[in-house]
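Residue strings, one per chain:
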Amino acid sequence: MPETIRSLRLGVAGPVGTGKSSLIATICRALADDLRIGVITNDIYTDEDARFLRSAGVLDPERIRAVETGACPHTAIRDDITANLLAVEDLERDFAPLDLVLVESGGDNLTATFSPALIDAQLFVLDVAGGGDVARKGGPGIARADLLIVNKTDLAPYVGVDVPQMVADAVEARDGAPVLALSRTDAASVAELRTWLLDMLAHHRAGTHVPQDPGPMAPHFHADEDGGYVHSHDHDQDHEHTHAGTPATA
Ligand SMILES: Nc1nc2c(ncn2[C@@H]2O[C@H](COP(=O)(O)OP(=O)(O)O)[C@@H](O)[C@H]2O)c(=O)[nH]1
Ligand SMILES: [Mg+2]
């Protein structure tokens, strides 16, 4: 790899508990022999995910670093990416050359996506245990992430989810963009993930992959002691960021 080409920075987003940290461990296991990998985790108040990944023994523990966001997790991957960008660049410099840097978002809801200024491509992770209808509900990550993962397919029989139907709904919500049904216990699905990642890396190196912005999250309400406020991220076009005071009943 020419040293002038920096690592592929890959974001992993999706709701809490859908299996983002486990997915990163799976990716490290599947590609550790082929690629030089680093990991940045985002937690709100802890470095729990980084500690989980270090203890999984899939990567040199020093190559796994935590960013403690201290605020809503989507802010740190989308609005003010400074802490994450510095963490990624430090890791790339300390372990140069890296091929792949995985950035795990702090688990949020269905609406959080990464800024293309921070990452080159992003995965959005859903799981069957969240319900078969989640894929139909859409949102920027589901609709426009580079790859949508329907995770934990091994649990489908226990939660009464029809995986092919959930995948078909997701493909429809994504206008045909790729969807992968995955379980860490299903080697064939892990092999498909590996192929997708190597393909994305090849496009990145060839300069044929253009990072896409899945789009801002919808305005939403944050409750707090003072009654809360509406948080709008729809400022990509108009450069305004509203934190307008709104009654708690709004
Ligand atoms: N059955 C099953 N459980 C999984 C799979 N992947 C992750 N999990 C479990 O799902 C839970 C949440 O996983 P985690 O990676 O911490 O989710 P995160 O909050 O999105 O990072 C943990 O108990 C994992 O062991 C999978 O493929 N199959
Ligand atoms: Mg996690």
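The rules behind each value
Residues numbered from 1 in each chain as written. Chains lettered and ligands numbered in written order. Predicted model: local features only at pLDDT ≥ 70, side-chain atom pairs only at ≥ 80, totals over all residues. UniProt positions renumbered as here; feature names shortened; annotations may be inferred. Near = placed C-beta within 6 Å. Helix = DSSP H or I, 4+ residues; strand = E, 2+ residues; numbered from the N terminus. Nonpolar A, V, L, I, M, F, W, Y, C, P; charged D, E, K, R; others polar. Contact = placed C-beta atoms within 7 Å. Buried ≥ 20, exposed ≤ 12 C-beta atoms within 10 Å, placed from the backbone. Axes fitted to C-alpha atoms, helices over the stretch in contact; angles between N-to-C directions. Parallel < 35°, antiparallel > 145°, perpendicular 65-115°, else oblique. Pairing = 2+ DSSP bridges. Expected span 1.5 Å × (residues − 1). Arc of directions from axis to C-beta.

- Labelled according to an unreviewed UniProt entry, the chain appears under the name Urease accessory protein UreG, originating from Micrococcus terreus.
- The UniProt entry for the chain carries this comment under Function (unreviewed entry): "Facilitates the functional incorporation of the urease nickel metallocenter. This process requires GTP hydrolysis, probably effectuated by UreG."
- UniProt, in its Subcellular location (unreviewed entry) section for the chain, records the words "Cytoplasm".

## What to know about the site of ligand 1
Okay, step 1: Not every one of the 14 residues close to ligand 1 is listed here, only the nearest: G19, K20, S21, S22 and K152.
Okay, step 2: Of the residues forming the shell around ligand 1, the biggest block, 3 residues, is contributed by helix α1 (residues 20–31).
Okay, step 3: Looking at the shell around ligand 1 residue by residue, the classes come out as 2 nonpolar, 8 polar and 4 charged.

## Side note on the UniProt feature "binding site: GTP" (unreviewed entry) in the chain
Okay, step 1: Mapped onto the present numbering, the UniProt feature "binding site: GTP" (unreviewed entry) falls on G14, P15, V16, G17, T18, G19, K20 and S21.
Okay, step 2: Assignment of secondary structure puts P15 in the loop between β1 (8–13) and α1.
Okay, step 3: Among all residues touching P15, those that are not within four sequence positions of it are G107, D108, N109, L110 and G130.
Okay, step 4: Here T18 is to be found in the loop between β1 and α1.
Okay, step 5: With 24 C-beta atoms packed within 10 Å, T18 lands in the buried category.
Okay, step 6: Excluding its chain neighbours within four sequence positions, the residues that come into contact with T18 are V125, L126, D127, G130 and N151.

## Remarks on the packing of α1 against helix α8 (residues 187–206)
Okay, step 1: Two elements in contact, α1 and α8, have axes separated by 10 Å at closest approach and are oriented at 75°. In terms of orientation, α1 and α8 fall into the roughly perpendicular class. Contact residues: α1 offers T26, I27, A30 and L31, while α8 offers V190, L193, R194 and L197.
Okay, step 2: Looking at side-chain class alone, the contact of α1 with α8 contains 6 nonpolar, 1 polar and 1 charged residues.

## Digging into the sheet that holds strand β5 (residues 121–127)
Okay, step 1: Read from one edge to the other, the open sheet built from 7 strands follows the order β3-β2-β4-β1-β5-β6-β7, with strand pairing classed as parallel. Every interior strand has two partners, whereas the edge strands, β3 (64–68) and β7 (179–181), have only one. The average undirected angle you get between the axes of adjacent strands in this sheet is 20°.
Okay, step 2: In this fold helix α4 (residues 82–94) packs onto β1, β2 (37–43), β3 and β4 (100–104), with an angle of close to 155° to the strand it touches most, β2.
Okay, step 3: Most of the contacts of α8 go to β7, to which it runs at about 150°, and overall it touches β1, β4, β5, β6 (147–151) and β7.

## Thoughts on the pairing of β6
Okay, step 1: Of all the 5 residues making up β6, 5 are buried; the element is thus mostly covered by neighbouring parts of the structure.
Okay, step 2: A two-sided burial pattern is seen for β6, the buried positions comprising L147, I149 and N151 on one face and L148 and V150 on the other.
Okay, step 3: Here β5 runs beside β6; their pairing, made up of 5 bridges, is parallel. Bridge pairing links D127 to N151 in β6.
Okay, step 4: By the bridge criterion, 3 bridges tie β6 to β7 in an arrangement that is parallel. Counterpart to L148 in the pairing with β7 is V179.

## Quick look at α4
Okay, step 1: Given a rise of 1.5 Å per residue, 13 residues ought to cover 18 Å, and the 18 Å separating the end C-alpha atoms of α4 matches this to within 8%.
Okay, step 2: When α4 is considered as a whole, its buried residues turn out to be N84, A87, V88 and L91. Buried residues of α4 fall within an arc of 95° about the axis and therefore sit on the same side. The exposed residues of α4 that point more than 90 degrees off its buried face are T82, L86 and R93.

## Focus: unusual backbone geometry
Okay, step 1: Of note, the bond from A96 into P97 is cis; its omega dihedral lies within 30 degrees of zero at -5°.
Okay, step 2: The backbone of K152 sits at a positive phi, close to 60°, despite the residue not being glycine.
Okay, step 3: In this fold, K152 is placed in the loop between β6 and α6 (156–159).
Okay, step 4: With phi around 55°, D175 is a residue other than glycine that occupies positive phi space.
Okay, step 5: Secondary-structure assignment places D175 in the loop between α7 (163–173) and β7.

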